[in-house]
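Each chain, letter by letter, is given below.
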Amino acid sequence: MTDNAAVKRVRTRHFSRAKRDGHKISGLTAYDAASAQIFDQAGIDFLLVGDSAANVMLGYDTTLPISVNEMITMSRSVARAAKRAFVIADLPFGSYEISPEQALETAVRFMKEAEVHAVKLEGGVAVEGHIRRITESGIPVCAHIGFTPQSEHNLGGHVIQGRGDAAEQLLEDARAIERAGAFLVVLEMVPTDVAAQVTAELSIPTISVGAGPHCDGQLTVWTDTFGYSQGRVPKFVRKYANLADILREATEQYISDIQASAYPSAAESYENVPPEH
């Protein structure tokens, strides 16, 4: 998005500037301090503490079971580690849908207890009032439309959204989000041409999760992108590493060295010497 040396901390204004100037925005998920620190040092623009942690970190089949307290714990660790990147936290399922007031209460908890910089919630027209209530209270909101994982049972599974006649509803959702004051919107599993149309129409930046190259930026789940996850990976993910293989091989060598009494060596052990005074 910007020169790392010129930006000590990414702010909401930098996202607007990036769209205006045609600079692509980079994002990754993060769920702990160790990974967040590495991505931050590499120069990532924003980190999303996604409720995808339910699947990739906690072993659930969907994002639905993860709690506010679990999300706050992970969000706090990421926010502490990130010195430059903008940190966004997902509001989990059941923590905002009831009313704009509930949405604001949950968002306030994340801002105070996790010290993130913004919150994200799913939905378009249906949550326009929720987004407006949060943003009017001074909390930045990232919206999320297209395929929304918290609604996967209602949507019939991982199904591409915005095809054919449904494109107009997606556009209306995008317009509602912008009216409500969101500073950023994620488009997930949306046809490339529809995502390009949304990007051209909105003044706020669009972030693609499987929505093609014409959005203002890209976001992926880091465990997919760097080969840490095992199993099926979405079509839109490009693997930049195979960390699962590296970690498995390293673990096998570790076990072998222990069994052969090759670890620890003398250099990795302590001698019985008098303590220093």
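Residues numbered from 1 in each chain as written. Predicted model: local features only at pLDDT ≥ 70, side-chain atom pairs only at ≥ 80, totals over all residues. Heavy atoms only, no water.

1. Describing the overall build of the protein
Stage number 1. In terms of helices and strands, the protein carries 11 helices and eight strands.
Stage number 2. Classification of the 277 residues of the protein by burial places 49% in the buried group.
Stage number 3. A total of about 14,100 Å² of accessible surface is found on the protein, and carbon and sulfur atoms cover 51% of it.
Stage number 4. Separation between the mean location of the 25 positive side-chain charges and that of the 35 negative ones in the protein comes to 7 Å. (Helix = DSSP H or I, 4+ residues; strand = E, 2+ residues; numbered from the N terminus. Buried < 20%, exposed > 50% of the residue type's maximum accessible area, 1.4 Å probe, protein only. Areas by Shrake-Rupley, 256 points an atom, 1.4 Å probe, with all protein chains shown as cover. Lys, Arg positive; Asp, Glu negative; His and termini not counted. Charge placed at Lys NZ, Arg CZ, Asp CG, Glu CD.)

2. Some points on the UniProt feature "binding site: Mg(2+)" (unreviewed entry) in the protein
Stage number 1. UniProt feature "binding site: Mg(2+)" (unreviewed entry): in the numbering of this structure it lies at Asp51, Asp90 and Glu122. With the annotated positions falling across 72 residues, the maximum pairwise C-alpha distance of 11.0 Å places them together in a single cluster.
Stage number 2. Structurally, Asp90 can be placed in strand β3 (residues 86-90).
Stage number 3. Excluding residues within four positions of it along the chain, Asp90 makes contact with Leu48, Val49, Gly50, Asp51, Met71, Phe110 and Lys120. (UniProt positions renumbered as here; feature names shortened; annotations may be inferred. Contact = heavy atoms within 4.5 Å.)

3. Overview of the pattern of salt bridges
Stage number 1. For the structure on display, the rule yields 13 salt bridges.
Stage number 2. Note that Asp45 is salt-bridged to Arg84, the shortest N-O span being 3.7 Å. You can see Asp45 sitting in the loop between α2 (33-42) and β2 (46-49) and its partner Arg84 sitting in the loop between α4 (68-81) and β3, a full 39 residues away along the chain. Neither residue differs from the other here; Asp45 and Arg84 are each classed as buried.
Stage number 3. Residue Arg109 pairs with Glu113 through a salt bridge whose shortest N-O separation is 2.8 Å. Of the two residues, Arg109 and Glu113 are both situated in helix α5 (residues 100-114); the distance of four residues between them amounts to about one turn of the helix.
Stage number 4. With a relative accessible area of 31%, Arg109 lands in the partly exposed category.
Stage number 5. Salt bridges sharing common partners tie together Glu128, Arg132, Glu168, Glu172, Arg175, Arg179 and Glu201. (Salt bridge = Lys/Arg side-chain N within 4 Å of Asp/Glu carboxyl O.)

4. Observations regarding the UniProt feature "binding site: 3-methyl-2-oxobutanoate" (unreviewed entry) in the protein
Stage number 1. With numbering aligned to this structure, UniProt lists the feature "binding site: 3-methyl-2-oxobutanoate" (unreviewed entry) at Asp51, Ser52, Asp90 and Lys120. In sequence the annotated residues extend across 70 residues, while in space they remain close, none of their C-alpha pairs exceeding 12.5 Å.
Stage number 2. Along the chain, Ser52 falls in the loop between β2 and α3 (53-56).
Stage number 3. Judged by relative accessible area, Ser52 falls into the buried class, the value being 15%.
Stage number 4. Once residues within four sequence positions are removed from consideration, Ser52 is found in contact with Thr29, Tyr31, Thr63 and Val221.
Stage number 5. Side-chain polar atoms of Asp90 contact the backbone nitrogen of Asp51, separated by 2.8 Å. (Polar contact = N/O pair within 3.5 Å; in protein donor to acceptor, adjacent residues only side chain to side chain.)

5. Quick look at a nonpolar patch on the surface
Stage number 1. Taken together, the side chains of Val56, Met57, Leu58, Tyr60, Tyr228, Leu243, Ile246 and Leu247 define a hydrophobic patch exposed on the protein surface, amounting to about 640 Å² of accessible area.
Stage number 2. Of all the elements, helix α11 (residues 243-259) adds the most residues to the nonpolar patch, at three residues.
Stage number 3. Within the secondary structure, Tyr228 is located in the loop between α10 (222-225) and α11. (Patch = residues over 30% accessible without salt bridge, like charges linked within 9 Å, V, L, I, M, F, W, Y side chains within 5 Å.)

6. What to know about the packing of aromatic side chains
Stage number 1. Summed over all chains, the structure comprises nine aromatic pairs.
Stage number 2. Measuring from centroid to centroid gives 5.9 Å for Phe39 and Phe226, while their planes differ by 40 degrees, and the two rings are tilted. With Phe39 in helix α2 and Phe226 in the loop between α10 and α11, this pair connects stretches of sequence that are 187 residues apart.
Stage number 3. Centre to centre, the rings of Trp222 and Phe226 are 6.5 Å apart; their planes meet at 45 degrees, and the pair counts as tilted. (Phe/Tyr/Trp six-rings, centres within 6.5 Å; stacked < 30°, edge-to-face > 60°.)

7. Regarding helix α6 (residues 128-136)
Stage number 1. Of the residues making up α6, those classed as buried are Glu128, His130, Ile131, Ile134 and Thr135. The arc enclosing the buried residues of α6, seen along the axis, measures out at 165 degrees, which places them on a common side.
Stage number 2. Just beyond α6, the residue with positive phi is Gly138, at close to 95 degrees. (Arc of directions from axis to C-beta.)

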